[in-house]
Protein chains: 2
Amino acid sequence: MDSAQLLDILGNENRRRILQLLSHKPCYVSEIADRLSVGPKAILDHLDMLERAGLIECSNEQRRKYFHIAGNVQLEVSVSPHLYGVETNSIMISVEEQRRLRQEYSSMALLNLNDELRRLHSLRRELMLAQRSTQARIAELMNLCAEMIDQIISDHLEAEILLALVTGTRRVEMLSEELNIPANKIDKGLHQLKEKGMIIERQKKWYIR
Amino acid sequence: MDSAQLLDILGNENRRRILQLLSHKPCYVSEIADRLSVGPKAILDHLDMLERAGLIECSNEQRRKYFHIAGNVQLEVSVSPHLYGVETNSIMISVEEQRRLRQEYSSMALLNLNDELRRLHSLRRELMLAQRSTQARIAELMNLCAEMIDQIISDHLEAEILLALVTGTRRVEMLSEELNIPANKIDKGLHQLKEKGMIIERQKKWYIR
């Protein structure tokens, strides 16, 4: 699933409520409509969209169509003054790992699984904090780069291209798409920066030097 | 900023494109409309929404209103069969840390900042992978808990309540809101589970035992 599709899906409150509900238990249409106090027609439309995206699936049980969450994804969005990033990852666990986990946990009582879950949740929180502080550093460093570039480059287009290259090497087409600027203008800016000795080209990719 | 508001904002492709554009440089309205090939009226509406949410700010320069990203947030969404979580965090860096970073980096050339950024990005990626594997374990453990509960509890409501309690202790009202089930029904289910010796109450909170 791509990030744009997932964000479009999550941009609707009722779809978010459906996902939350289904994370508690599989439900049939009128049950969802009932619990969320939303008309069944609207629920059906949402379910259709969620199913087409592969986030939910349905199975027949006792003559009823039950919907359950099928997707296993993680979405991460970062918004900072010089940083905008969206990333979606499918979460997968290998069959061997799954078998190993089941063996490890099979003898545990619910209470122990509960403790193990708590441990994993706190590990997850620690990782999140570490990631947040890394992102704060990245954002601050990008601010510094933007200031530095503003001091050495007066042309707006050149400054914009240079800042984009700071975050990683790029081809002309990538820069053009990312900055919404025609490729010929980007190309001109790149060659001006090259003449100033600020960047170099290697195999059609541009690098800070 | 709450997660629902941020997801509503990010649910629109043009708003995402505006944020991406502004992450490259501050822009004025007609510049954004021009670059994204979207009418200025629509752009203004989006900018208004982004500004009210605190994600962007504007400043006057050369008689023009320039918009730039002001927010510094990170959003994380997890969707798995028995797990749905949304979390938004403000990313902050303390004034001392900011000063320290600037001192540390002030003597560096752009190329070195570039290297440092690359290092931070790869650290961020490693943390992300660790987090993904933790989430995979949590998701798998939740599957196991759900199966285990299905085997020992036949009543649907009781099973649903018990699974919710596995993820953490809860009050009646929290369960009612989360599961979209009236509080009196939840209360009945909780007492049935208590009689079966599966959960206990301590200071109005319910725990697995």
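Residues numbered from 1 in each chain as written. Chains lettered and ligands numbered in written order. Predicted model: local features only at pLDDT ≥ 70, side-chain atom pairs only at ≥ 80, totals over all residues. Heavy atoms only, no water.

### A few points about the nonpolar core
Basically, it comes down to this: Only buried residues count toward a nonpolar core, which is a set of Ala, Val, Leu, Ile, Met, Phe, Trp, Tyr and Cys residues joined through side-chain atoms within 4.5 Å. Three labels apply to residues, based on accessible area from a 1.4 Å probe with only protein chains included: buried if under 20% of the type maximum, exposed if over 50%, partly exposed otherwise in between. We call two residues contacting when some pair of their heavy atoms lies within 4.5 Å.
One finds L19, I32 and I43 of chain A together with L19, I32 and I43 of chain B to be the most contacted residues of the largest nonpolar core, which totals 54 residues. Once residues lying within four places of it in the same chain are set aside, the contact partners of I32 of chain A are I18, L21, L22, C27, I43 and L47 of chain A.

### Examining the pattern of salt bridges
Any two side chains of opposite charge can pair, on the condition that their charged atoms come close. What counts, and what does not: Between Lys or Arg on one side and Asp or Glu on the other, a salt bridge is scored when a side-chain nitrogen of the former is within 4 Å of a carboxyl oxygen of the latter. To qualify as a helix, a DSSP run of H or I must reach at least 4 residues; to qualify as a strand, a run of E must reach at least 2; elements of each kind are numbered from the N terminus.
Summed over all chains, the structure comprises 34 salt bridges over all chains. One salt bridge in this structure joins E31 of chain A and K25 of chain A, with 2.6 Å as the shortest N-O distance. Taking relative accessible area as the criterion, E31 of chain A reaches 14% and is therefore assigned buried. E116 of chain B serves as the salt-bridge partner of R119 of chain B, at 3.1 Å between the closest nitrogen and oxygen. Of this pair, R119 of chain B and E116 of chain B both sit in helix α6 (residues 110–152), three residues apart, which is roughly one turn of the helix.

### Observations concerning the sheet that holds strand β3 (residues 73–80) of chain A
Cut-off, in case you're wondering: Whether two strands pair depends on DSSP finding at least two bridges between them. Fitting a line to C-alpha atoms yields each axis, with helices limited to the stretch in contact; the angle taken between N-to-C directions then spans 0 to 180 degrees.
Reading across from one edge, β4(A)-β3(A)-β3(B)-β4(B) is the order of the four strands in this open sheet, with antiparallel pairing throughout. Edge positions in the sheet fall to β4 (83–90) of chain A together with β4 (83–90) of chain B, since each of these pairs with one other strand and no more. Neighbour to neighbour, the strand axes of the sheet diverge by 5° on average, direction disregarded. Sheet analysis places β3 of chain A next to β4 of chain A, joined by eight bridges and oriented antiparallel. By the bridge assignment, Q74 of chain A is partnered in β4 of chain A with N89 of chain A. Together, β3 and β4 of chain A together with β3 (73–80) and β4 of chain B form the strand contacts of helix α1 (residues 3–10) of chain A, whose direction differs from that of β3 of chain A by roughly 90°. This element, α6 of chain B, spans β3 and β4 of chain A together with β3 and β4 of chain B of the sheet and lies at about 145° to β3 of chain A.

### Quick look at the relation of the copies chain B and chain A
Both copies of the chain are tied together by a single rotation about an axis and a shift running along it. The condition is simple: Alignment of the copies relies on least squares applied to C-alpha atoms, considering only residues that score at least 70 for pLDDT in both.
In screw terms, the move from chain B to chain A is a rotation of 180° and a rise of 0.0 Å along the axis, fitting with an RMSD of 0.0 Å. Put plainly, the chains are arranged around a two-fold axis. Among all C-alpha atoms of chain B, that of G11 of chain B lies closest to the rotation axis, at 1.9 Å. The overlap is high: 100% of the interface residues of chain B also sit at the interface in chain A, so the same surface is used on both sides.

### Comments concerning unusual backbone geometry
Residue and element names in this part refer to chain B. Non-glycine residue S37 carries a positive phi angle of around 55°. One non-glycine residue with positive phi stands out, namely Q62, at about 45°. With respect to the helices and strands, Q62 occurs in the loop between β1 (56–61) and β2 (64–69).

### Some points on the interface of chain B and chain A
Definition in use: Defined in terms of a 1.4 Å probe, buried area is the accessible area two parts forfeit on being brought together, summed over both. Two N or O atoms count as a polar contact when they lie within 3.5 Å, although within protein this holds only if one can serve as hydrogen donor and the other as acceptor, and sequence-adjacent residues are included solely when both atoms are side-chain atoms.
Taken together, the contacts link 90 residues of chain B with 91 residues of chain A. Of the roughly 9000 Å² buried at the junction of chain B and chain A (both faces included), carbon and sulfur atoms supply 60%. Seen at the junction of chain B and chain A, the total is 16 salt bridges. The partner of E76 of chain B in a salt bridge is R124 of chain A, and the shortest N-O contact between them spans 3.1 Å. Put simply, chain B and chain A have 32 residue pairs in polar contact (both at pLDDT 80 or more) between them. If you tally residues by element for the side of chain B that touches chain A, the top one is α6 of chain B, at 31 residues.

### Structural notes on the confidence of the model for chain A
Low-pLDDT portions of the prediction should not be read for the details of their coordinates. Residues and elements named next belong to chain A. For clarity, the cut-off: Confidence scores here are pLDDT values: one per residue, from the predictor, ranging 0 to 100.
Overall, the predicted model of chain A reaches an average pLDDT of 92, with 100% of residues at or above 70. Within chain A, the element-level pLDDT minimum falls on helix α5 (residues 95–106), averaging 84, and the maximum on helix α4 (residues 40–52), averaging 97. Two numbers describe this predicted complex: its pTM, 0.89, and its ipTM, 0.89.

### Concerning the domain arrangement of chain A
Let me state the cut-off plainly: Residue ranges assigned to the domains are those given by an automatic or database domain assignment.
Along its sequence, chain A is carved into domain 1 (3–69), domain 2 (93–140) and domain 3 (153–208). Averaged C-alpha coordinates put domain 1 of chain A and domain 3 of chain A at centres separated by 45 Å.

### Section: the environment of A109 of chain B
Mapped onto the secondary structure, A109 of chain B falls in the loop between α5 (95–106) and α6. Along the sequence, A109 of chain B and L21 of chain B sit 88 residues apart, while their C-alpha atoms lie 26 Å from each other.

### Observations concerning the pairing of β2 of chain B
The side chains of a regular strand alternate, residue by residue, between the two faces of the sheet. Residue and element names in this part refer to chain B. Of the strand pairs in this sheet, β1 and β2 are connected by six bridges, and their pairing is antiparallel. Pairing of E61 across the sheet is with R64, part of β2. Hairpin connection between β1 and β2: a loop of two residues separates the two successive antiparallel strands, and Q62 in this loop has a positive phi of roughly 45°.

### Re the side chain of S23 of chain A
All names here are of chain A. Position of S23 relative to the elements: it lies in helix α2 (residues 13–24). A relative accessible area of 6% places S23 in the buried class. A polar contact of 2.6 Å, which involves the side chain of S23, links it to the backbone oxygen of Q20.

### Remarks on the environment of K205 of chain B
Residue and element names in this part refer to chain B. One can find K205 in strand β6 (residues 205–208). Take K205: its relative accessible area is 33%, and that puts it in the partly exposed class. Separated by 115 residues in the primary sequence, K205 and S90 have C-alpha atoms spaced 29 Å apart. Once residues within four sequence positions are removed from consideration, K205 is found in contact with T169, R170, R171 and I200.

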